[in-house]
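Listed below, chain by chain, are the residues.
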Amino acid sequence: QVQLVESGGGLVQTGGSLRLSCAASGLTFTSYVMGWFRQAPGKEREFVASISRSGGRTDYADSVKGRFFISRDNAKKTVALQMNSLKSEDTAVYYCAADLKILNLSRRVSDYDYWGQGTQVTVSS
């Protein structure tokens, strides 16, 4: 049974930092492209960042580029999202996702096969 479990969310002030982590189990981790998405109240789930199977390639949404950094540890089966210079508009539930099929990185929600339960990030001013 595949499980993705996020942690590290919480309340932070504008300009602060948080590090999210996602622990994967029940899958061959190195076979999966990993992604982070977020969903704010009343909005659709949106792409944040993704990382290739080896960790050698990454992709970021324009809104977080230069502030957020995705990384993975294949030995530990974890993927992390370091979030810096947080803004109020970053407030959302953040989801970890795994994609087996795609050859390259993807920003599409529909491409991802497995999802975590989400972790809340709240940025207050």
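Anyway, here's the lowdown on the structure attached to this text. (Residues numbered from 1 in each chain as written. Predicted model: local features only at pLDDT ≥ 70, side-chain atom pairs only at ≥ 80, totals over all residues. Heavy atoms only, no water.)

1. Regarding the overall build of the chain
Part 1: Looking only at helices and strands, the chain features zero helices and eleven strands.
Part 2: Order of helices (α) and strands (β) in the chain, N terminus to C terminus: β-β-β-β-β-β-β-β-β-β-β.
Part 3: Whereas a compact globule of 125 residues would reach a radius of gyration of roughly 14 Å, the chain reaches 13 Å, a difference of no more than 12%.
Part 4: Judged by the C-alpha coordinates and their principal axes, the chain covers about 40 × 25 × 25 Å.
Part 5: For the chain, buried positions account for 45% of its 125 residues.
Part 6: Summarising the internal contacts of the chain: among those between residues at least 6 apart in sequence, 60% fall at separations of at least 24.
Part 7: Just so you have it, the chain exposes about 6200 Å², and 48% of that area is on carbon and sulfur atoms. (Helix = DSSP H or I, 4+ residues; strand = E, 2+ residues; numbered from the N terminus. Rg over C-alpha atoms; globule rule 2.2 N^0.38 Å. Buried < 20%, exposed > 50% of the residue type's maximum accessible area, 1.4 Å probe, protein only. Contact = heavy atoms within 4.5 Å. Areas by Shrake-Rupley, 256 points an atom, 1.4 Å probe, with all protein chains shown as cover.)

2. Notes on the nonpolar core
Part 1: In this structure, Met34, Trp36, Leu81, Met83 and Tyr94 are the most contacted members of the largest nonpolar core, which totals 36 residues.
Part 2: Residue assignment for this core shows that the elements contributing at least two residues are β3 (18–25), β4 (33–39), β5 (46–51), β7 (68–73), β8 (78–83), β9 (92–99) and β11 (119–124).
Part 3: Here the element with the most residues in this core is β9; it accounts for five residues.
Part 4: Discounting residues that sit within four places of it in the chain, Met83 has contacts with Gly16, Ser17, Leu18, Leu20, Arg67, Phe68, Tyr94 and Val121. (Core = buried A, V, L, I, M, F, W, Y, C linked by side-chain atoms within 4.5 Å.)

3. Section: the pairing of β3
Part 1: On β3, burial follows the alternation: Leu18, Leu20, Cys22 and Ala24 on one face are buried, whereas Arg19, Ser21, Ala23 and Ser25 on the facing-out side are not.
Part 2: Pairing of strand β1 (residues 3–7) with β3 involves five bridges; the strand directions are antiparallel. The partner of Gln3 across the bridge, within β3, is Ser25.
Part 3: Here β3 runs beside β8; their pairing, made up of six bridges, is antiparallel. In the sheet register, Cys22 faces β8, and the bridge partner there is Val79. (Pairing = 2+ DSSP bridges.)

4. Details of the pattern of salt bridges
One side chain can pair with another of opposite charge once the charged atoms of both are near each other.
Part 1: Within this structure, the stated rule accounts for seven salt bridges.
Part 2: The closest approach of N and O atoms between Arg67 and Asp90, which form a salt bridge, is 2.8 Å. Taken together, the residues span a long stretch of sequence, with Arg67 in the loop between β6 (58–60) and β7 and Asp90 in the loop between β8 and β9 at a distance of 23 residues.
Part 3: Across the salt bridge formed by Asp113 and Lys101, the nearest N and O atoms sit 2.4 Å from each other. Within this pair, whereas Asp113 is found in the loop between β9 and β10 (114–115), its partner Lys101 is found in the loop between β9 and β10, the two being separated by twelve residues in sequence.
Part 4: Asp113 sits in the partly exposed class, given a relative accessible area of 31%.
Part 5: We classify Lys101 as exposed; its relative accessible area is 53%.
Part 6: Here the salt bridges do not stand alone but share partners, grouping Arg38, Glu46, Arg67 and Asp90 into one network. (Salt bridge = Lys/Arg side-chain N within 4 Å of Asp/Glu carboxyl O.)

5. Quick word on the sheet that holds β8
Part 1: Spatially, the four strands line up as an open sheet ordered β1-β3-β8-β7, and their pairing is antiparallel. For this open sheet the edge positions go to β1 and β7, each flanked by a neighbour on one side alone. Put simply, the sheet's adjacent strands are angled 15 degrees from each other on average, direction ignored. (Axes fitted to C-alpha atoms, helices over the stretch in contact; angles between N-to-C directions.)

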